[in-house]
Amino acid sequence: MNALQGKVAVITGGSSGIGLATAKRFVEEGADVFITGRRKDELDKAVVEVGKNITAIQADVSDLADLDRLFETVAKNKGRIDILFANAGLLEPMLTQVATPEHFDRTFGTNVRGVFFTVEKALRLIRDGGSIILTCSSTWQKGIPGYATYSGTKAALRSFVRTWTAEYASKGIRANVISPGPIETPGLQELFGENAESAKQQFKTRIPMRRLGRPEDIAAAAVFLASEESSFITGIDLPVDGGTVAV
Ligand code: NAP
């Protein structure tokens, strides 16, 4: 349980679901973790739940001033970042024919612009040998009605890590995406509302392992990509989806 001993990690969207499970694992593995989110009450709850070696910073990834404040705080307190997990994301399913410019800008503003500038602003602090991990989605490889903008944003992330590999691998900085399939998180629950149970049953029929993922499944993959165990792996997409995109 010391794969990340002494490392400094930043996790955007760390107060719920995948980000929170990853914050817990990173701390268990010895890291000092900064988490972000927009809702202060959720951040406060997360800090209590993780219990130690965690700092919460209220920040919206689609707001560049918030990102500046986040990294200024990390710089002041730790002076460096070893692991950046750009995980915050937005899904608003909408058929193309009814999609609005506002919907498009919100989705790309959080999932693409937000992630790009999270990394752009973090880079001055990421030490040689650091690890950048982005939460993508198995949907980037699929055609799903209503997912044009969301899957498009996640395809952009898959592309970003190829470029960042070319730009930073010589410094030993690695950049990879994790592509979750359906994961049982508060975000997924909220998306489907009262139809959540039937949606989960439908997902199960399409997942070779016949279950949804747990946030801990993604946290385990993030620990691997953050640690020395993956030291020669960069530029990849790691699907964590019970076999969905493989078949
Ligand atoms: P979740 O349970 O709703 O958690 C989302 C987290 O991100 C919360 O901490 C939320 O806090 C934060 N967040 C949302 N928008 C933000 C913003 N603009 N700035 C900063 N923080 C923000 O969702 P999740 O299911 O764990 O999803 C996390 C990531 O996994 C997303 O990128 C999503 O696209 C991806 N993903 C999820 C699934 C799935 O099935 N669950 C599958 C594939 C990919 P606040 O709301 O307080 O800001």
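Refer to the structure printed above.
In this report, the structure presented in the accompanying data block is examined. (Residues numbered from 1 in each chain as written. Predicted model: local features only at pLDDT ≥ 70, side-chain atom pairs only at ≥ 80, totals over all residues. Heavy atoms only, no water.)

1. Points about the nonpolar core
Within the largest apolar cluster, 32 residues are counted, with the highest numbers of intra-cluster contacts made by Val10, Phe71, Ile81, Leu84, Ile126, Ile132 and Leu134. Where this core is concerned, the elements lending two or more residues are strand S1 (8-11), helix H3 (64-77), strand S4 (81-86), helix H4 (101-122), strand S5 (126-135), helix H5 (148-168) and strand S6 (174-180). Counting 27 residues, the second largest nonpolar core, distinct from the first, contains Ile183, Ile218, Leu225 and Ala226. (Core = buried A, V, L, I, M, F, W, Y, C linked by side-chain atoms within 4.5 Å. Buried < 20%, exposed > 50% of the residue type's maximum accessible area, 1.4 Å probe, protein only. Helix = DSSP H or I, 4+ residues; strand = E, 2+ residues; numbered from the N terminus.)

2. With respect to the packing of helix H1 (residues 17-28) against helix H2 (residues 40-50)
Contact pair H1 / H2: the axes reach a minimum separation of 10 Å and the direction vectors enclose 35°. Of the two elements, H1 crosses H2, and the hand of that crossing is right-handed. Taking contact as the criterion, the partners of Leu20, Lys24 and Val27 in H1 are, on H2, Ala46, Glu49 and Val50. (Axes fitted to C-alpha atoms, helices over the stretch in contact; angles between N-to-C directions. Left-handed = near helix turned anticlockwise from the far one by under 90°. Contact = heavy atoms within 4.5 Å.)

3. With respect to the site of the ligand
Around the ligand, 29 residues are found, and the nearest of them are Ser15, Ser16, Arg38, Tyr150 and Thr185. Ser16 is positioned with one of its side-chain polar atoms (N or O) 2.7 Å from an oxygen atom of the ligand. Between the ligand and the protein, one listed contact pairs an oxygen atom with a backbone N or O atom of Ile183 at 2.8 Å. Within the residue set of the shell around the ligand, elements represented by two or more residues are H1, H5 and helix H6 (186-192). If one sorts the elements of the shell around the ligand by residue count, H6 sits on top with three residues. Residue composition of the shell around the ligand, by class: 11 nonpolar, 14 polar and four charged. (Near = heavy atom within 4 Å. Polar contact = N/O pair within 3.5 Å; in protein donor to acceptor, adjacent residues only side chain to side chain. Nonpolar A, V, L, I, M, F, W, Y, C, P; charged D, E, K, R; others polar.)

4. Some words on the pairing of S4
The two faces of a sheet get side chains in turn, since along a regular strand they alternate between them. Counting buried residues in S4 gives six out of six residues, a clear majority hidden from the surface. Inspection of the sheet shows S1 paired to S4 by three bridges, in the parallel sense. Bridge assignment links Ile11 to a residue of S4, and that residue is Phe85. In the sheet, S4 pairs with S5 via five bridges, with the strands oriented parallel. Paired with Leu84 across the two strands is Ile132, which belongs to S5. In this region the chain leaves S4, passes through H4 and returns to the parallel neighbour S5; the handedness of that crossover is right-handed. (Pairing = 2+ DSSP bridges. Right-handed = clockwise from strand over helix to strand, strands pointing away.)

5. Observations regarding the side chain of Thr165
Within the secondary structure, Thr165 sits in helix H5. Only 3.2 Å separates the side chain of Thr165 from the side chain of Thr234, close enough to count as a polar contact. In this structure, Thr165 is in contact with Ala175, Thr234 and Gly235, ignoring residues within four places of it in sequence.

6. Focus: the side chain of Asp66
With respect to the element layout, Asp66 can be found in helix H3. Judged by its relative accessible area of 15%, Asp66 falls in the buried class. Here Arg69 takes part through its side chain, which lies 3.2 Å from a polar atom of the side chain of Asp66. Leave out the neighbours within four places in its chain, and Asp66 touches Ala59 and Asp60.

7. Side note on the packing of aromatic side chains
Counted according to the given criterion, the structure contains seven aromatic pairs. Arranged with centres 4.3 Å apart and planes meeting at 10°, the rings of Phe104 and Phe108 form a pair that is stacked. Pair noted here: Phe104 and Phe108 are both in helix H4, with a separation of four residues, about one helical turn. Both rings, one in Phe160 and one in Trp164, keep their centres 5.1 Å apart while their planes meet at 35°; by these two values the pair is tilted. Of the two residues, Phe160 and Trp164 are both situated in helix H5; the distance of four residues between them amounts to about one turn of the helix. By the burial criterion, Phe160 is buried, and Trp164 matches it. Feature note: the residues Phe116, Phe117, Phe160 and Trp164 constitute an aromatic cluster, connected by ring pairs. (Phe/Tyr/Trp six-rings, centres within 6.5 Å; stacked < 30°, edge-to-face > 60°.)

8. Some details on helix H8 (residues 215-226)
Over its 12 residues, H8 extends 16 Å from the first C-alpha to the last, a length consistent with the 16 Å expected when each residue adds 1.5 Å. Its buried side turned inward, H8 meets H1, S4, S5, S6 and strand S7 (237-240). (Expected span 1.5 Å × (residues − 1).)

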